[in-house]
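Secondary and tertiary structure notes
Chain by chain, the residues:
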Amino acid sequence: MAAVRRLQLVNTEDEAPTRRPPAPGAVRVAIATRDMRGLNAHFGSAPKFAIYDVTREGWDFVEAVAFGDTSDETGSHKTDGDDRIGPKVEALEGCHLLFCLAIGGPAAAKVVSAHIHPIKTPQAAPIPEVLERTRAMLSGSPPPWLRKVLMSAGVGPMKPDFEED
């Protein structure tokens, strides 16, 4: 696989672009994209991932990760030694959620083992719409699967302690 390129926003010239951890209370979200405008790519064929920190109040852009070599969406593999999934999973380290149009079983297993929850969506959507739905889920009563992700990320409330003091 070709080199992974990262685009990050930096505040000052003195600040070196380093991978920062998610902001306190934020869920780190990766979105598979072709054009940095929408959720419009399959995991294996995504040339880019837009990464955001999402909180109950809104979201912040973290970085864009681009790949030079992606699959052609035919479901075929080049060679046994050609691993396109591993570098993508490594590049998404620290993310809690991954939105994509589709993801194969072996790729989903690697993503889940990296503690990233993959979410397949049935159709393409603008990135702000995906982020707003995520923000709304965080603000309301998150579904059980999201509460589990939030707890493992240290973002959600811990399980209630039913012992009386």
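See above for the structure.
Anyway, here's the lowdown on the structure attached to this text. Bear in mind that the values here come from a model prediction, so they are computed numbers and not experimental data.

A few words on the overall build of the protein. Helices and strands together make up the secondary structure of the protein, namely 4 helices and 8 strands. The order of α-helices and β-strands along the protein, N terminus first, is β-β-β-β-β-α-β-α-β-β-α-α. Each of the 165 residues in the protein was classed as buried or not, and the buried ones make up 38%. Long-range pairs, those at least 24 residues apart, make up 58% of the contacts in the protein between residues at least 6 apart in sequence. Accessible area for the protein stands at about 9,700 Å²; split by element, carbon and sulfur atoms hold 54% of it.

A separate point is the packing of aromatic side chains. Ring pairs (aromatic) are described by centroid distance and by the angle formed between their planes. This structure, assessed with the given rule, holds 3 aromatic pairs. A ring pair is formed by F43 and F49, whose centres lie 5.7 Å apart and whose planes are at 50°; its orientation type is tilted. The exposure classification of F43 matches that of F49, with both residues buried. With a centroid separation of 5.6 Å and 75° between ring planes, the pair formed by Y52 and F61 is classed as edge-to-face. Among the residues examined, Y52 registers a relative accessible area of 12% and is labelled buried. Connected via pairs of aromatic rings, a cluster forms that spans F43, F49 and F67. The ring of F67 carries K88 above its face, with NZ or CZ at 5.2 Å from the centroid.

Within strand β2 (residues 27-33), 7 of the 7 residues are buried, which leaves it mostly tucked inside the rest of the structure. Of the two faces of β2, the one lined by V27, V29, I31 and T33 and the one lined by R28, A30 and A32 are each fully buried. With 7 bridges connecting them, β2 and strand β4 (residues 48-54) associate as antiparallel partners. Directly across from T33, in β4, lies its bridge partner K48. In this sheet, strand β6 (residues 97-100) lies alongside β2 in parallel orientation, the contact comprising 3 bridges. Bridge pairing in β6 places A30 opposite L98.

A few words now on the nonpolar core. Membership of the largest hydrophobic core comes to 21 residues, with the highest contact counts inside it found for F43, F49, I51, L92, L98, I103 and V111. Mapped by element, the contributors of at least two residues to this core are β2, β4, β5 (59-67), α1 (85-91), β6 and α2 (105-113). With residues up to four places along the chain from it excluded, the contact list for F49 reads I31, A32, T33, F43, E63, A64, V65, F67, K88, L92 and L98. Among the nonpolar cores identified, the runner-up in size contains 19 residues, and I31, L146, L150 and V155 belong to it.

Definitions and cut-offs
Residues numbered from 1 in each chain as written. Predicted model: local features only at pLDDT ≥ 70, side-chain atom pairs only at ≥ 80, totals over all residues. Heavy atoms only, no water. Helix = DSSP H or I, 4+ residues; strand = E, 2+ residues; numbered from the N terminus. Buried < 20%, exposed > 50% of the residue type's maximum accessible area, 1.4 Å probe, protein only. Contact = heavy atoms within 4.5 Å. Areas by Shrake-Rupley, 256 points an atom, 1.4 Å probe, with all protein chains shown as cover. Phe/Tyr/Trp six-rings, centres within 6.5 Å; stacked < 30°, edge-to-face > 60°. Lys NZ or Arg CZ within 6 Å of the ring centre and 35° of its normal. Pairing = 2+ DSSP bridges. Core = buried A, V, L, I, M, F, W, Y, C linked by side-chain atoms within 4.5 Å.

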